[in-house]
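Report on the structure
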Amino acid sequence: MTSDQSPIERRLHEALGPAQPRTTSPDLFDRVLGSIADDRARRRRIRYGALAAVTVASLLTAIVLLVTPRKNGHLLMNWWILELFTTAVLIGLALWLGPFIKRFGRAYAADVFHDNPQTGKSYIVLTDIVYYLIFAAYILFTVTLEPRESWGLNVLPSQVAFEAARLGGILLIIGVLHGLNIVLMPVLGRLFSLNRRLP
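This one's a predicted model, so the numbers in the text were calculated from it and none came from an experiment. (Residues numbered from 1 in each chain as written. Predicted model: local features only at pLDDT ≥ 70, side-chain atom pairs only at ≥ 80, totals over all residues. Heavy atoms only, no water.)

This next bit is on the overall build of the protein. Scanning the protein from terminus to terminus reveals five helices and two strands. Put simply, the protein runs from its N terminus to its C terminus through helices and strands in the order α-α-β-β-α-α-α. Of the contacts made within the protein by residues no fewer than 6 positions apart, 72% connect residues no fewer than 24 positions apart. Working note: accessible area of the protein is about 14500 Å², and carbon and sulfur atoms make up 68% of it. (Helix = DSSP H or I, 4+ residues; strand = E, 2+ residues; numbered from the N terminus. Contact = heavy atoms within 4.5 Å. Areas by Shrake-Rupley, 256 points an atom, 1.4 Å probe, with all protein chains shown as cover.)

Following this line, the structure appears as structure tokens:
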């Protein structure tokens, strides 16, 4: 090893050089088995989730086709069928998309709150409660119990546009809330860390 090497090169040479003994971690095999089991469980969850989504979509489609009257071979869907269908989709998005995003945010929260992990766990629980309260309020605010003035007894384009706006609204709320959380979480983590260090 020459003296003109950079500190990084020296450290790499010391760690990977031929003179260094190769030691195997005693729990390496157990960790590999655990990783394989975790990957298998994750693929199983994905399969079950996809199967559940296809089953729910098939059931909703079958229900819509069964309860929708026909005239001259065309479906005449009542307004309340589309309203119920949209509300069910909104509830499904709120219940599925929130935990799906949170699964990827746990590692981020652990990095932010590394000085006080218990605070990070409590923070995630509290934000989940806030999210679900906002989702429930949005769904209740936008639900319709009788046809609006521009609607008819059957589904019209104006109702389809309204229901599409409801779906877009909850996606926008979910995106904005999680975006704010991503921006604010490091600031809060830093404040909590400073607070713990102050006498």
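Now, onward.
The full count for this structure, using the stated rule, is four aromatic pairs. With a centroid separation of 6.3 Å and an interplanar angle of 45°, the aromatic rings of W79 and W151 are classed as tilted. With W79 in helix 3 (residues 79-112) and W151 in the loop between helix 4 (117-142) and helix 5 (157-197), this pair connects stretches of sequence that are 72 residues apart. Per residue, the accessibility class of W79 equals that of W151, and both read buried. The structure contains a cluster of three or more aromatic residues connected by ring pairs, namely W79, W151 and F162. (Phe/Tyr/Trp six-rings, centres within 6.5 Å; stacked < 30°, edge-to-face > 60°. Buried < 20%, exposed > 50% of the residue type's maximum accessible area, 1.4 Å probe, protein only.)

Core analysis: the largest hydrophobic core is formed by eleven residues, namely L90, L93, A94, L97, Y131, F135, Y138, I139, I170, I174 and L177. Of all the secondary structure elements, the ones that give two or more residues to this core are helix 3, helix 4 and helix 5. Those residues in contact with F135 that lie beyond four places of it in its chain are A94, I173, I174 and L177. Membership of the second largest hydrophobic core comes to six residues, among which are A109, V112, I124 and M185. (Core = buried A, V, L, I, M, F, W, Y, C linked by side-chain atoms within 4.5 Å.)

Quick look at the confidence of the model for the protein now. Across the protein, the average pLDDT comes to 78, with 81% of residues at 70 or higher. Averaged pLDDT values for the elements of the protein fall to 64 in strand 2 (residues 74-75) and rise to 85 in helix 4. (pLDDT = per-residue confidence, 0-100.)

This part takes up the pattern of salt bridges. This structure, assessed with the given rule, holds four salt bridges. Close ionic contact of E83 with R166 constitutes a salt bridge, the shortest N to O distance being 2.9 Å. Here R166 lies in helix 5 and E83 lies in helix 3, a separation of 83 residues in the sequence. Across the pair, R166 and E83 agree in class, each one buried. (Salt bridge = Lys/Arg side-chain N within 4 Å of Asp/Glu carboxyl O.)

The next point concerns a nonpolar patch on the surface. Residues Y108, L172, V176, L180, I182, V183 and L184 make up a contiguous nonpolar surface patch of roughly 650 Å² in combined accessible area. Ranked by the residues each element gives to the nonpolar patch, the list is headed by helix 5, at six residues. On the secondary structure map, L172 appears in helix 5. For L172, a relative accessible area of 58% translates into the label exposed. (Patch = residues over 30% accessible without salt bridge, like charges linked within 9 Å, V, L, I, M, F, W, Y side chains within 5 Å.)

Let us look at the environment of L60. The topology assignment puts L60 in helix 2 (residues 28-67). The spacing of L60 and A88 is 28 residues in sequence and 9.4 Å in space, taken between C-alpha atoms.

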